[in-house]
Structures are given as structure tokens and as C-alpha cells.
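Chain by chain, the residues run as shown.
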Amino acid sequence: MLKNFWYACHLSAEVTSKPTQLEMLGRLFVLYRDAAGQVVALDDRCPHRGGSLAGGRVDGDCVVCPYHGWRFDQAGTCVKIPANRDGAQIPRKASTRSYPTAERYGWVWLFVGDLPEAERPPIPPLPEHGDPKWKAIHGTFLWRAHYTRVVENGMDIAHAPFVHARTFGNPNRPEVDDYEVVPHAWGASAAVALVAPPPGGLWSLFLPKERPPVKTRVGFYMPCVTRLDVDLGPMKMIVFSSNLPLDEERTLTRWIMLRDFFRGDWADGNSRKRTLEIFREDQPIVEAQRPKAVPLDMSAEVHARSDAIPLAFRKLRRECIVDRGWALAAPEAS
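Residues numbered from 1 in each chain as written. Predicted model: local features only at pLDDT ≥ 70, side-chain atom pairs only at ≥ 80, totals over all residues. Heavy atoms only, no water.

Caption draft 1: Here's a closer look at empty space enclosed by the protein. Tallied over the entire structure, the rule returns 1 cavity of 30 Å³ or more. In this structure, the largest cavity spans a volume of roughly 40 Å³. Taken together, Arg144, Ala145, His146, Arg149, Val286, Glu287, Gln289, Arg290 and Lys292 make up the lining of the largest cavity. In the lining of the largest cavity, the residues fall into 2 nonpolar, 2 polar and 5 charged. (1 Å grid on protein atoms, 1.4 Å probe; cavity = no way out; pocket = protein on both sides within 12 Å on 5 of 7 lines; lining within 4 Å. Points joined across faces, edges and corners; volume = space filled by probe spheres on them. Nonpolar A, V, L, I, M, F, W, Y, C, P; charged D, E, K, R; others polar.)

Caption draft 2: Fine view of the environment of leucine 42. Relative to the helices and strands, leucine 42 is located in strand β4 (residues 39–43). Residues leucine 42 and aspartate 247, 205 residues apart in the sequence, show an inter-C-alpha distance of 18 Å. Those residues within four positions of leucine 42 in sequence are excluded, and the remaining contacts are Phe29, Val30, Tyr32, Val63, Asp73, Gln74, Ala75, Gly76, Thr96, Arg97, Ser98 and Tyr99. (Helix = DSSP H or I, 4+ residues; strand = E, 2+ residues; numbered from the N terminus. Contact = heavy atoms within 4.5 Å.)

Caption draft 3: Quick peek at unusual backbone geometry. A cis amide bond, omega 0 degrees, links methionine 222 with the succeeding residue proline 223. Turning to its location among the elements, proline 223 is positioned in the loop between β15 (214–221) and β16 (225–231). The amide bond that connects arginine 290 to the next residue, proline 291, takes the cis arrangement and shows omega of -5 degrees. Its place among the elements puts proline 291 in the loop between α3 (268–287) and α4 (308–323). With phi around 60 degrees, tyrosine 105 is a residue other than glycine that occupies positive phi space. Inspection of the secondary structure puts tyrosine 105 in the loop between β10 (101–104) and β11 (107–112). Judged by relative accessible area, tyrosine 105 falls into the buried class, the value being 11%. (Buried < 20%, exposed > 50% of the residue type's maximum accessible area, 1.4 Å probe, protein only.)

Caption draft 4: Structural context of the pattern of salt bridges. A full pass over the atoms with the stated rule returns 19 salt bridges. The residue arginine 250 makes a salt bridge to glutamate 23 at a minimum N-O spacing of 2.4 Å. With a gap of 227 residues between them, arginine 250 in the loop between β17 (236–245) and β18 (251–259) and glutamate 23 in strand β2 (residues 20–24) connect regions that are remote in the sequence. A single network of salt bridges, built from pairs that share partners, joins Lys135, Arg259, Asp265 and Asp268. (Salt bridge = Lys/Arg side-chain N within 4 Å of Asp/Glu carboxyl O.)

Caption draft 5: Seen up close, the sheet that holds β17. One open sheet accounts for 7 strands, arranged β12-β18-β17-β16-β15-β14-β13; its pairing is antiparallel. On the outer flanks of this sheet lie β12 (135–143) and β13 (181–184), each paired with one strand and no other. Strand after strand, the sheet turns through a mean of 20 degrees between neighbouring axes, direction not considered. Alignment of β15 against β16, held across 7 bridges, turns out to be antiparallel. Looking across to β16, one finds that threonine 216 is bridged to valine 230. Contacting β12, β16, β17 and β18, helix α1 (residues 147–154) crosses the sheet at an angle of about 170 degrees to β17. (Pairing = 2+ DSSP bridges. Axes fitted to C-alpha atoms, helices over the stretch in contact; angles between N-to-C directions.)

Caption draft 6: Structural detail: the nonpolar core. Judged by nonpolar contacts, the single largest core of 56 residues is most densely connected at Met24, Leu110, Phe220 and Ile309. With residues near it in sequence (within four places) discarded, methionine 24 still touches Tyr7, Cys9, Phe29, Leu110, Val112, Leu244, Pro245 and Leu246. Judged by nonpolar contacts, the second largest core, of 18 residues, contains Val214, Leu232, Met235 and Trp255. (Core = buried A, V, L, I, M, F, W, Y, C linked by side-chain atoms within 4.5 Å.)

Caption draft 7: Layout of the packing of aromatic side chains. Within the structure shown, the criterion is met by 16 aromatic pairs. When the ring of phenylalanine 220 is compared with that of phenylalanine 313, the centres are 5.5 Å apart and the planes differ by 80 degrees; the resulting orientation is edge-to-face. Separated by 93 residues along the polypeptide, phenylalanine 220 in strand β15 and phenylalanine 313 in helix α4 bring together distant segments of the chain. As far as burial versus exposure is concerned, phenylalanine 220 and phenylalanine 313 are alike and both buried. What links up through ring pairs into an aromatic cluster is the set Tyr105, Trp107, Trp109 and Phe240. The residue whose ring lies beneath arginine 120 is phenylalanine 111, and the NZ or CZ to ring-centre distance is 4.7 Å. Of note, arginine 324 hangs over the ring of tryptophan 326, and the distance from its end group to the ring centre comes to 5.1 Å. (Phe/Tyr/Trp six-rings, centres within 6.5 Å; stacked < 30°, edge-to-face > 60°. Lys NZ or Arg CZ within 6 Å of the ring centre and 35° of its normal.)

Any functional reading would require information beyond the geometric quantities listed.
Given below as C-alpha cells:
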């Protein structure tokens with residue numbers, strides 16, 4: 001797992017003035033909104049006796065520990081110890097770590113790292129979100145898998161004819177044409193045309209049986225965001241996924257599916273069903289992969305030409321860990 005990046009960690013609408021516990025990166029955090037409505041993120045551990053701040057309450061701008069009533073402001077600094085007599089000094093170490101937050105695309109983003117603000121990698125762009133031409137739905141999916149395997153699966157081109165033969169893959173046309181990897185800030189993308197099978201279900205009413213190759217673009221943003229664009233001619237879809245590492249064993253995918261057709265609420269159920277169906281097809285394959293994490297050694301697994309975009313992810317991840325030293329230290333034993 002990596003530091004010095006933004007992580008989409010929660011739905012904005014679900015963070016209120018009541019403390020919310022957040023699990024990610026093998027750690028526990030507490031989220032709440034202060035008096036101005038800004039999201040505050042702190043380590044969910046009172047430095048006094050290790051109480052969970054998420055079990056406490058919010059008073060103005062501060063979160064109050066439920067154990068001894070210690071009060072912490074937005075910077076994580078203890079500003080009141082109720083047991084102290086008037087004038088007693090609050091210890092300098094009476095603080096818990098705070099984290100920068102931002103809200104975008106309906107998500108709360110949390111920055112974990114030590115880079116100054118001007119040097120931080122940006123939050124990945126999703127300019128279509130909020131555009132009235134696009135309808136967006138949100139969802140989650142839990143994997144018993146390392147986040148690196150989930151990220152690679154989200155942009156793996158060659159697996160569709162085999163894993164997704166029941167939905168959109170074409171087992172009769174598994175070949176992948178050579179494609180160009182286009183790097184961008186903290187990631188890369190690639191455009192590939194895939195031969196799809198004849199449409200079924202609701203799609204058969206709108207798409208011809210003899211279909212031209214489907215234009216797709218897959219890409220990633222470090223450390224764990226993937227984007228899939230599907231161009232069906234008159235209809236276009238985007239699946240934007242933040243594959244949040246809960247720990248070394250579990251990944252929570254927070255996804256946004258956008259479509260520029262059937263924008264009424266009546267079509268949301270079908271869109272959600274199809275998105276989750278694709279994740280469920282991937283799930284047993286991804287959860288069975290060994291080793292659990294993508295190897296740092298580029299030669300540890302065999303590669304094909306169709307793996308060019310996942311290899312770009314591996315190279316950038318290795319650069320972050322080996323060259324930049326951005327591997328996140330293991331949390332203290334609980």
C-alpha cells in the first residue's frame with residue numbers, strides 16, 4: 001500500500017456531524033463534519049487510553065472521546081481535558097493525527113502522506129460527473145483480494161472473452177490488437193477495439209445483431225483508480241472505480257457508473273445489476289490469484305503484448321515504492 005496519494009474513502013452524503021469510523025490501509029480513521037460542514041479526518045484513537053473517537057460525539061468543531069471526554073479539534077489537537085483543574089496544562093503529546101480531506105464526485109477523499117500541498121498528486125479527474133448529459137449511479141463491491149490485483153483486473157483487456165463470456169465477452173474472438181499506451185499524470189490509458197457478441201436482453205432492442213467493433217478505453221490513476229470507457233456508437237458508458245485497500249487481504253471498490261442514455265431513474269436498477277454482475281464474474285478469478293499482491297519483480301510473472309497497460313501500472317507502482325520510498329509503513333499492532 002502507498003502513501004502520498006488521495007483515497008476516495010466514503011460517500012459524502014453519509015458523513016454527518018455524528019462521528020463515522022473508516023477502515024482503510026490497515027488503519028482506522030474517524031470522519032465527521034465540523035460546525036462549518038467541512039469534513040474532518042483524524043486517526044480513530046485517543047492518545048490518552050486508546051479509546052475510539054468514532055464512538056464519541058461532535059461538539060461544534062471538536063470530536064469528544066467517549067471514555068474520558070477529551071476534546072480534539074480539526075487539527076487533532078486536544079483542547080480540553082475535563083478531569084483537569086482550572087489552569088492545568090494539556091500535555092503536548094495529547095493529539096491525534098489529522099488528514100487533509102476533499103469532496104469530489106459525491107465522495108470524500110482523504111490524503112494519507114507527508115507531502116506538502118503543492119507537491120501532492122491530484123485527485124483523478126472525472127469531468128463527466130455532474131454534467132447533465134450523463135447519469136451517474138454509485139455502488140460498492142467487496143473483494144477478498146489485494147488491491148493491486150483488483151486494479152489490474154479493471155484494465156485487463158484479454159480476460160473478457162473468458163471471464164465475461166456470459167455478459168459482454170466474445171469467446172470466438174479472443175485476439176487483442178496491438179495498442180498504444182498513453183501516459184498521463186500518475187497513470188496511463190489505452191484505446192482498444194473489441195469484437196462483441198450479438199446483443200442480448202434489453203440491448204437487443206437498440207443494438208444491431210451484426211455489430212462493429214466496440215471502442216473501449218481503459219486506464220488507471222495511481223494508486224488504485226481505474227476508468228473504463230465503452231463507446232457503443234449511440235450509447236456511451238463510463239465505469240470509474242476507486243479500489244480502496246482496506247488491508248492486505250480486502251479491497252472495497254467504490255464505483256461510479258455513468259451513462260449518456262436512458263438517463264431516467266427507471267434505468268438505474270438495470271445499470272446497477274449489470275455493473276455488479278461483471279464484478280461477480282471477476283470475483284472468483286481475482287480472489288484466487290497467487291501471490292495475492294502484484295509482484296514488485298517485473299520478471300516474476302510471464303507477460304504478453306496484451307498486458308501493456310497493466311505493465312505500465314506495475315512500473316509506476318514500483319517507481320513509487322523503490323525509487324520514491326512511498327510504501328506505507330505497517331500500522332502499529334492493535
